[in-house]
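Now for the letters of each chain:
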Amino acid sequence: MAEDQNKILEEVTGSDYKFGFTTSIDTETIPKGLSEDVVRLISAKKNEPEFMLNYRLEAYKHWLTLKQPDWAHLNIPEINFQEIIFYAAPRTKPKYDSIDDVDPELIDTFNKLGIPLNEQKALAGVAVDAVMDSVSVKTTFKETLAEKGIIFCSISDAIKEFPDLIQKYLGSVVTYNDNYFAALNSAVFSDGSFVYIPKGVRCPLELSTYFRINAMNTGQFERTLIIADDDSYVSYLEGCTAPMRDENQLHAAIVEIVVMERAEVKYSTVQNWYPGDKNGVGGIFNFVTKRAFCKGDYSKISWTQVETGSSITWKYPSCILKGDHSVGEFYSVAVTNNYQQADTGTKMIHLGKHTKSLIVSKGVSAGKSQNSYRGLVKVSKKANDARNFSQCDSLLLGDKCGAHTFPYLEINNNTAIVEHEATTSKIGEDQIFYCNQRGLSTEDAIGLIVNGYVKEVINQLPMEFAVEAQKLLQLSLEGSVG
Amino acid sequence: MLTIKNLHAKIDDKEILRGINLTIKPGEIHAIMGPNGSGKSTLSAVLTGNDKFEVTEGDIIFNGKNLMDLSPEDRSREGMFLSFQYPVEIPGVSMTNFMRTAINEHRKYKGEPPMSASDFLKLMREKKKLVEIDSNLTNRSVNEGFSGGEKKKNEIFQMAMLEPKLSILDETDSGLDIDALRIVANGVNKLKSPERSTIVITHYQRLLDYIVPDYVHVLYKGRIVRSAGKELALELEEKGYDWIKKEFED
């Protein structure tokens with residue numbers, strides 16, 4: 001029986017990555033390696049104003065003084081930054097005025113990924129910014145949004161067109177000296193999305209950025225900045241994929257969100273970078289710093305993440321609850337299979353009074369993977385009547401994987417109420433057999449059981465993406481238990 | 001419908017079934033009785049393909065197909081249904097979603113297109129009424145937080161939905177009060193047809209007052225030691241199993 005189980009386990013874990021194709025498109029790259037000259041070159045390529053170059057150079061200098069962090073429950077091979085190409089862009093027209101100007105190869109690539117760039121064919125109610133390697137290729141529905149005063153464009157455009165907003169907010173939530181990968185990103189970031197929602201505006205569309213790594217040996221360093229002014233609302237979603245390659249590729253992003261009074265931002269991620277093959281060869285190193293600053297009273301940020309890809313994930317979307325009565329939420333599903341490693345969670349920093357935070361984390365580990373939840377709940381001295389509830393569940397498929405929970409609590413105010421619940425369970429053979437007996441294959445049974453287990457989180461996703469996410473979960477776990 | 005020939009099965013190294021022979025024709029109801037540990041539940045597990053048990057000898061032919069060649073899910077799709085003695089809970093998976101997936105898998109196997117949402121909901125309503133199951137049970141996650149009786153009713157509801165050719169009721173009466181027992185038995189009786197057969201596994205005569213068997217078999221130490229009409233159940237009720245144990249002591 002044990003042998004059978006192993007056999008099924010191996011079959012299941014041998015699933016294929018659907019998005020592993022490459023696009024052959026003429027790509028402009030700069031020489032590999034990192035130096036001050038490379039930082040200057042990237043800035044020059046993007047025709048940036050001087051303040052931006054100076055910011056990058058400061059970040060670079062600081063980065064040189066730092067060491068790669070090793071505190072996470074991860075086994076990270078040493079990264080040779082001189083072997084990475086820091087800028088790669090599809091070599092076509094620098095600016096697309098209409099969809100007809102976009103290289104058909106690019107349109108085709110995004111079509112294959114299920115992201116139509118043609119507005120007529122686009123998902124109803126979703127505006128997309130498509131980023132390939134280091135540049136934004138196309139942003140849809142820009143005009144529709146502009147009518148409401150909403151800015152949705154690539155960060156490169158924003159640096160040139162809205163320098164005041166950029167100077168004021170870029171680096172205000174995640175400073176360049178925040179951590180090793182933040183410093184690196186601040187020095188070399190290439191593109192990403194910029195969103196500004198004016199006062200009192202409810203964004204009528206879901207905003208979405210789709211990131212695609214295509215070129216070889218490159219790193220992707222994207223930068224996203226979202227500002228939600230007083231009484232505004234926006235729901236934003238990012239998705240990402242990459243080709244299958246034997247080498248590891250580095251992805252080090254920063255997402256900063258500023259939420260003003262009574263504003264609400266919902267940020268959802270479906271992360272499906274190439275996870276490496278079943279022997280752990282290749283895959284994306286996903287080292288991301290995401291943070292939201294709930295600046296205004298009664299502001300709210302809600303993070304939802306579905307993490308299924310990447311060979312290594314290091315990511316802690318955080319909430320700084322500065323405004324009184326502000327609310328932070330973090331819903332997470334992290335699935336690891338084969339040799340994937342994930343160390344992910346959140347930080348809830350309660351600074352304002354009557355602030356509330358909720359953490360729901362669901363880890364699913366299969367194969368020989370390692371899956372850790374790491375979360376900090378901090379209540380500062382002045383944060384009277386803060387409230388937190390954390391629920392961290394782990395589900396194990398098979399007996400060669402690991403699930404770990406590292407909760408940190410720093411409570412400096414005795415009016416706080418903080419609760420933490422954690423469970424670890426295994427998918428039972430009896431559950432699978434029960435499904436089998438009703439006519440479901442073992443793979444479908446696992447998919448169903450896992451989707452049931454993560455339902456609470458998936459329900460937080462915008463409708464269109466919830467269905468995608470469910471399919472993705474099923475795919476990532478194809479063949480993972482007996 | 002079902003022919004079992006000289007069936008032997010073991011778990012770990014312990015032989016539980018030691019040469020079972022049984023033939024079931026369409027429309028028949030067979031009761032299998034016997035003392036604890038005689039192999040009743042093992043028989044249902046082996047028939048449905050639970051891989052905890054290893055078949056060491058013998059054949060099972062179901063609808064002209066050798067069951068040993070079929071996976072548990074294919075046995076289900078061929079029309080074999082087990083009402084579990086201990087139905088498991090699947091948190092977060094709604095009964096509706098679960099049943100819809102199951103029905104569509106059955107249809108796919110037969111080369112039929114998936115059932116439309118409206119047809120499916122109609123079917124659910126019909127079958128709920130048939131087995132007198134509470135509407136809100138089907139709105140909940142599979143068996144999650146169900147009482148013992150609710151779980152058993154839910155098994156019968158699933159049976160009604162899947163319309164199996166052969167239903168195996170594994171101690172469906174255990175843990176049921178008399179009202180639940182009546183509802184469960186009514187459900188089974190309403191589903192009775194000349195094409196469908198049922199195996200009722202039970203310790204007690206009680207259930208057989210409601211589901212009247214054509215044949216009663218006594219399983220003891222992994223063999224069928226006695227087969228007769230429904231009067232055998234009454235005899236067992238009266239005399240217990242001791243006389244059988246005495247007769248077949250080895």
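Residues numbered from 1 in each chain as written. Chains lettered and ligands numbered in written order. Predicted model: local features only at pLDDT ≥ 70, side-chain atom pairs only at ≥ 80, totals over all residues. Heavy atoms only, no water.

K.L.:
Please set out the overall build of chain B residue by residue, giving values where relevant.
P.N.:
For chain B, the helix and strand inventory stands at 10 helices and 12 strands. With the principal axes as the frame, chain B shows a C-alpha extent of 60 × 40 × 35 Å. Here chain B, with 250 residues, has 56% of them falling under the buried criterion. Sequence separation of at least 24 residues holds for 70% of the intrachain contacts in chain B that already meet a minimum separation of 6. Working note: accessible area of chain B is about 11000 Å², and carbon and sulfur atoms make up 47% of it. (Helix = DSSP H or I, 4+ residues; strand = E, 2+ residues; numbered from the N terminus. Buried < 20%, exposed > 50% of the residue type's maximum accessible area, 1.4 Å probe, protein only. Contact = heavy atoms within 4.5 Å. Areas by Shrake-Rupley, 256 points an atom, 1.4 Å probe, with all protein chains shown as cover.)

K.L.:
An account of the overall build of chain A is needed here, citing residue identities and associated values.
P.N.:
What chain A contains, in helices and strands, is 12 helices and 22 strands. Taken over 482 residues, chain A has a buried fraction of 63%. Across chain A, every contact between residues at least 6 apart in sequence was considered, and the portion connecting residues at least 24 apart equals 84%. By element, 48% of the accessible surface of chain A is carried by carbon and sulfur atoms, the whole surface being about 18100 Å².

K.L.:
Kindly report on the interface of chain B and chain A, identifying the contributing residues and their values.
P.N.:
Frequently, the measure chosen for interface size is the accessible area removed from exposure when the parts meet. Each side of the interface is counted separately: chain B has 31 residues, and chain A has 21 residues. Contact between chain B and chain A buries roughly 2100 Å² in total, counting both sides, with carbon and sulfur atoms accounting for 62%. At the boundary of chain B and chain A, one finds 1 salt bridge. For glutamate 155 of chain B, the salt bridge goes to arginine 438 of chain A, with nearest N and O atoms at 2.6 Å. Between chain B and chain A we count 14 residue pairs in polar contact (both at pLDDT 80 or more) in total. (Buried area = accessible area lost by both parts, 1.4 Å probe. Salt bridge = Lys/Arg side-chain N within 4 Å of Asp/Glu carboxyl O. Polar contact = N/O pair within 3.5 Å; in protein donor to acceptor, adjacent residues only side chain to side chain.)

K.L.:
An account of the packing of aromatic side chains is requested, with residue identities and associated values reported.
P.N.:
Residues and elements named next belong to chain A. As enumerated under the stated definition, the model contains 20 aromatic pairs over all chains in all. Between the aromatic rings of phenylalanine 86 and phenylalanine 221, the centroid separation amounts to 5.2 Å while the plane-to-plane angle is 15 degrees, which identifies the pairing as stacked. Of this pair, phenylalanine 86 sits in the loop between helix 3 (50-64) and strand 2 (88-90) while phenylalanine 221 is found in the loop between strand 7 (206-212) and strand 8 (223-228), placing the two residues 135 residues apart along the sequence. Relative to tyrosine 316, the ring of tryptophan 314 has its centre 5.7 Å away and its plane inclined at 80 degrees; by these criteria the two rings are edge-to-face. Aromatic rings pair up to connect Tyr60, Trp63, Trp71, Phe81, Tyr180, Phe181, Phe285, Phe287, Trp314 and Tyr316 into one cluster. The ring of phenylalanine 189 carries arginine 56 above its face, with NZ or CZ at 4.1 Å from the centroid. In this structure, arginine 438 packs its charged tip against the face of tyrosine 434, placed 4.8 Å from the ring centre. (Phe/Tyr/Trp six-rings, centres within 6.5 Å; stacked < 30°, edge-to-face > 60°. Lys NZ or Arg CZ within 6 Å of the ring centre and 35° of its normal.)

K.L.:
Break down the environment of phenylalanine 221 of chain A for me, citing the residues and quoting the values.
P.N.:
Residue and element names in this part refer to chain A. Under the relative-accessibility criterion, phenylalanine 221 is labelled buried at 0%. Sequence separation between phenylalanine 221 and lysine 400 is 179 residues, and the spatial gap between their C-alpha atoms is 33 Å. When neighbours within four sequence positions are excluded, phenylalanine 221 is seen to be in contact with Phe86, Leu184, Asn185, Val188, Phe189, Ser190, Asp191, Leu250 and Ala252.

K.L.:
Describe the pattern of salt bridges, with residues and values.
P.N.:
According to the stated counting rule, one finds 27 salt bridges over all chains in the structure shown. The salt bridge involving aspartate 231 of chain A is made with arginine 262 of chain A; its shortest N-O contact spans 2.8 Å. One end of the pair, aspartate 231 of chain A, is in the loop between strand 8 and strand 9 (233-241); the other, arginine 262 of chain A, is in the loop between strand 10 (248-259) and strand 11 (264-271), with 31 residues separating them in the sequence. Given a relative accessible area of 43%, arginine 262 of chain A falls into the partly exposed group. With a closest N to O distance of 3.8 Å, arginine 107 of chain B and glutamate 112 of chain B form a salt bridge. With a relative accessible area of 35%, glutamate 112 of chain B lands in the partly exposed category. The network of salt bridges with shared partners includes Asp74, Arg77, Glu105 and Lys108 of chain B.

K.L.:
Give me the lowdown on the nonpolar core, citing residues and values where you can.
P.N.:
One finds Leu2 and Phe98 of chain B to be the most contacted residues of the largest nonpolar core, which totals 109 residues. Discounting chain neighbours no more than four positions away, the residues touching phenylalanine 98 of chain B are Tyr434, Cys435, Arg438, Leu440 and Leu448 of chain A together with Ile90, Val93, Val142 and Gln158 of chain B. (Core = buried A, V, L, I, M, F, W, Y, C linked by side-chain atoms within 4.5 Å.)

K.L.:
Explain the packing of helix 3 of chain A against helix 8 (residues 180-188) of chain A residue by residue, including any values.
P.N.:
All names here are of chain A. Following both chains from N to C, one finds helix 3 and helix 8 inclined at 145 degrees, their axes separated by 7 Å at the closest point. Handedness of the crossing formed by helix 3 with helix 8: left-handed. Of the residues in helix 8, those touching helix 3 at Tyr55, Arg56, Ala59, Tyr60, His62 and Trp63 are Tyr180, Ala183, Leu184, Ser186, Ala187 and Val188. Here the residues of the contact of helix 3 with helix 8 are counted per class, giving 9 nonpolar, 2 polar and 1 charged. (Axes fitted to C-alpha atoms, helices over the stretch in contact; angles between N-to-C directions. Left-handed = near helix turned anticlockwise from the far one by under 90°. Nonpolar A, V, L, I, M, F, W, Y, C, P; charged D, E, K, R; others polar.)

K.L.:
Talk me through the sheet that holds strand 2 (residues 14-24) of chain B; I want residue IDs and the actual numbers.
P.N.:
Residue and element names in this part refer to chain B. Taken together, the 4 strands give an open sheet; going across it, the order is 2-1-4-5, and neighbouring strands pair in antiparallel fashion. This sheet does not close on itself; its edge strands, each paired only once, are strand 2 and strand 5 (65-66). With 2 bridges joining them, strand 4 (residues 54-62) and strand 5 adopt antiparallel strand pairing. Following the sheet pairing, phenylalanine 62 is matched in strand 5 by lysine 65. (Pairing = 2+ DSSP bridges.)

K.L.:
How would you summarise the side chain of histidine 350 of chain A if you had to cite specific residues and measurements?
P.N.:
Residues and elements named next belong to chain A. Secondary-structure assignment places histidine 350 in strand 17 (residues 341-350). The buried category is assigned to histidine 350, whose relative accessible area is 0%. Within the structure, the side chain of histidine 350 is placed 2.9 Å from the side chain of threonine 355, a separation counted as a polar contact. The residues contacting histidine 350, other than those within four sequence positions of it, are Leu321, Thr355, Lys356, Ser357, Val377, Lys378, Val379, Ser380, Ala383, Ala386, Arg387 and Asn388.

K.L.:
Tell me about unusual backbone geometry, residues and numbers included.
P.N.:
Residues and elements named next belong to chain A. Here the phi dihedral of serine 310 falls at roughly 70 degrees; this positive angle occurs in a residue that is not glycine. By the secondary structure assignment, serine 310 is in the loop between strand 13 (300-307) and strand 14 (312-315). With a relative accessible area of 1%, serine 310 lands in the buried category. Backbone geometry at histidine 354 places phi at a positive 55 degrees, although glycine is not the residue there. Structurally, the position occupied by histidine 354 is in the loop between strand 17 and strand 18 (356-365). Assessed through its relative accessible area of 36%, histidine 354 is described here as partly exposed.

K.L.:
Now, about helix 1 (residues 40-48) of chain B: what can you tell me, with residues and values included?
P.N.:
Residues and elements named next belong to chain B. Of all 9 residues in helix 1, 8 are buried; the element is thus mostly enclosed. Within the sequence span of helix 1, burial applies to Lys40, Thr42, Leu43, Ser44, Ala45, Val46, Leu47 and Thr48. Once helix 1 finishes, glycine 49 follows within two positions and takes phi at roughly 90 degrees, a positive value.

K.L.:
Could you give me a rundown of the confidence of the model for chain B, with the residues and numbers involved?
P.N.:
Averaged over every residue, the pLDDT of chain B is 91; residues scoring 70 or more account for 99%. On the interface metric, ipTM, the complex scores 0.95, and its pTM is 0.82. (pLDDT = per-residue confidence, 0-100.)

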